[in-house]
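Breakdown of the fold
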Amino acid sequence: MDLALAPETLARWQFGITTVYHFLFVPLTISLAALTAGLQTAWVRTEKEKYLQATKFWGKLFLINIAMGVVTGIVQEFQFGMNWSDYSRFVGDVFGAPLAFEALIAFFFESTFIGLWIFGWDKLPKKIHLACIWMVSIGTILSAYFILAANSWMQHPVGYRINEAKGRAELTDFWLVLTQNTALAQVFHTLTAAFLTGGAFMVGIAAFHLVRKKHVPVMKTSLRLGLVTVVIGGLLTAISGDVLGKIMYQQQPMKMAAAEALWDGEKPAPFSVFAIGDVDKGHNKVAIEIPGLLSFLAKDDFTSYVPGINDVNKAEQEKYGPGDYRPNIPVAYWGFRWMIGFGMTSFAIGLAGLWLTRKKFLLPQHLRVGDDEVPHLVLLPNKALGPTLTKWYWRIAILTLGFPLIASSWGWIFTEMGRQPWVVYGLFKTRDAVSPGVSQAEVITSMVVFTTLYAILAVVEVKLLVKYAKAGPPELTEADLNPPTKIGGDSRDADKPMAFSY
């Protein structure tokens, strides 16, 4: 059978498509829940209408996003039984434990409080209603933690033993699975990247409205919050990425050697800026490198030795038996660079935005060109920079909305592809994990159906987000501004219109 159409390859494609699609919603869900909670906290404390409008606006976008994320996440878990039954049989006792905690604790915790938040605007006192959205935010973070702990176990299996009689792995230390350094570093990196994503999302939409001079008070507040979130999130993403990278150099040296296209071990090892390699011959034909930097990134020492792809492949052949233990080198190499490039570009744009808005606010003016007035932006606090720079900054800020999403997608592609040929590193190979009874035709059919369905849902999602993002924050009602002082309100609240406007 052609390897490209083998059930294993098709099952990997299907799970990869589902995972990347699902993860487009995850970082926005995590970050928008917390940012919405922060804006509602500001309203409860100050009673300023702009904070309430911002809460309702970003909360609406958050709800659209989380609804789609839940649907795709459920399908993803079903695939463990559909296409990866041998994987589920072998590691289900370990891998299933954190997923069960996610479903039974975090997901239901999150779902309960999101319902109270949606329908409690005119039924709950302000502080209790505020507590609900904070509980939702905590629930999203808990969900991420349990799922990332399961994935980290695939990267670095701990807290288990092999039952030879039953031919499967069994859990021996659940706490170790949850708290190993791989899980902690991956959670840190994923959460900071999520806030980078949410901040950029907020900046892009706020910039869109401010260029048109619409909803200025709400969008000015949103922009500043988004810019601060992007800068802090971007800085912490870089720090957490460095921490995670050092752990990966210890636990998965092949993945990190592939990320740098380092074919043979070197002391000191250079950081690759650009490379074109020959996979068959195991060397680079073109390489632009920074001497010693990779040694520092791997071990905090500019002179340390870093093993290369050929060295690690030989060592793993001796340890695990004959075979090719190299991942797809071009995907690992360029995926790593797309992840860093798009993520740090967003950070740089956020930093520039904070500097440009440090004293006064950038608002669009009108410039006469011939007989027409065209919108442009002028820089009030630093006129020396001129209107052109400011105008281009805002255009870039709008476009940057999706950059962290691209970075996150490539980050997960690198994380999972770089681990191959292992589904559980050093323990269980991907080729052994696929369902033996699923035919080529069945995998192709399900992949086509799911991919088509996701394409349709993507159109629906984007249209909804664009529609409500362009509409701007809602007008406030009397009920919005005067919620009940006790649960359920009182008789005076009975004739009030519902404040729920989602």
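As the structure is a computational prediction, the values presented were derived from the model and not from experiment.

1. Quick look at the side chain of T36
- Along the chain, T36 turns up in helix α2 (residues 26–46).
- T36 has contacts with T55, W58, G59, F62, W117 and I133, leaving out every residue within four places of it along the chain.

2. Thoughts on the packing of helix α1 (residues 7–23) against helix α3 (residues 49–82)
- Where α1 contacts α3, the two axes come as close as 9 Å, and the packing angle between them is 155°. Classed by the angle they form, the pair α1 and α3 counts as roughly antiparallel. When the axes of α1 and α3 are compared, the crossing they make is left-handed. Across the interface between the two elements, Q14, F15, T18, T19, Y21 and H22 from α1 touch G69, T72, G73, Q76, Q79, F80 and M82 from α3.

3. Section: the pairing of strand β1 (residues 160–163)
- Bridge count between β1 and strand β2 (residues 168–171): 4 bridges; the pairing is antiparallel. Bridge pairing in β2 places R161 opposite E170.
- In sequence, β1 turns back onto β2 through a hairpin of 4 residues, with G167 there showing a positive phi of about 65°.

4. Brief notes about α3
- The terminal C-alpha atoms of α3 lie 50 Å apart, and with 34 residues this matches the ideal 50 Å at 1.5 Å per residue to within 8%.
- Across the 34 residues of α3, 24 count as buried, placing the element largely inside the fold.

5. Comments concerning the packing of aromatic side chains
- Taken as a whole and judged by the stated rule, the model has 24 aromatic pairs.
- Judged by centre distance (5.0 Å) and plane angle (90°), the rings of Y333 and W334 are edge-to-face.
- Clustering of aromatic rings is evident, with ring pairs tying together Y21, F25, F450 and Y454.
- Directly above the aromatic system of Y333 lies the positively charged group of R337, at a separation of 3.8 Å from the ring centroid.
- Lying across the ring of W422, K429 places its NZ or CZ 5.6 Å from the centre.

6. As for the pattern of salt bridges
- Counted under the stated rule, the structure contains 9 salt bridges.
- Of the charged contacts, one joins D242 and K246 as a salt bridge, the two residues approaching to 2.8 Å between their closest N and O atoms. In this pair, D242 and K246 are both assigned in helix α8 (residues 216–251), 4 residues apart and thus about one turn of the helix distant.
- On the accessibility criterion, K246 (14% relative accessible area) is buried.
- When the shortest N-O distance is used, the salt bridge between R326 and D324 registers 3.0 Å.
- Of the residues examined, R326 reaches a relative accessible area of 23% and is grouped as partly exposed.

7. Overview of a negative patch on the surface
- The grouping of D264, E266, E289 and D311 at the surface amounts to a negative patch.
- Residue placement: E266 occurs in the loop between α9 (253–259) and β3 (271–278).

8. Focus on the environment of N313
- Within the fold, N313 resides in helix α11 (residues 309–320).
- Take N313: its relative accessible area is 11%, and that puts it in the buried class.
- Note: C-alpha distance between N313 and R326 (13 residues apart in sequence) is 6.4 Å.
- Discounting residues that sit within four places of it in the chain, N313 has contacts with M254, G323, D324, Y325 and R326.
- A distance of 2.8 Å separates a polar side-chain atom of N313 from the backbone nitrogen of Y325.

9. Looking at the environment of S152
- Position of S152 relative to the elements: it lies in helix α5 (residues 126–155).
- As for S152 and A183, which are separated by 31 residues in sequence, their C-alpha atoms are 5.1 Å apart.
- Once residues lying within four places of it in the same chain are set aside, the contact partners of S152 are Q180, T182, A183 and Q186.

Thresholds, definitions, all that
Residues numbered from 1 in each chain as written. Predicted model: local features only at pLDDT ≥ 70, side-chain atom pairs only at ≥ 80, totals over all residues. Heavy atoms only, no water. Helix = DSSP H or I, 4+ residues; strand = E, 2+ residues; numbered from the N terminus. Contact = heavy atoms within 4.5 Å. Axes fitted to C-alpha atoms, helices over the stretch in contact; angles between N-to-C directions. Parallel < 35°, antiparallel > 145°, perpendicular 65-115°, else oblique. Left-handed = near helix turned anticlockwise from the far one by under 90°. Pairing = 2+ DSSP bridges. Expected span 1.5 Å × (residues − 1). Buried < 20%, exposed > 50% of the residue type's maximum accessible area, 1.4 Å probe, protein only. Phe/Tyr/Trp six-rings, centres within 6.5 Å; stacked < 30°, edge-to-face > 60°. Lys NZ or Arg CZ within 6 Å of the ring centre and 35° of its normal. Salt bridge = Lys/Arg side-chain N within 4 Å of Asp/Glu carboxyl O. Patch = residues over 30% accessible without salt bridge, like charges linked within 9 Å, V, L, I, M, F, W, Y side chains within 5 Å. Areas by Shrake-Rupley, 256 points an atom, 1.4 Å probe, with all protein chains shown as cover. Lys, Arg positive; Asp, Glu negative; His and termini not counted. Charge placed at Lys NZ, Arg CZ, Asp CG, Glu CD. Polar contact = N/O pair within 3.5 Å; in protein donor to acceptor, adjacent residues only side chain to side chain.

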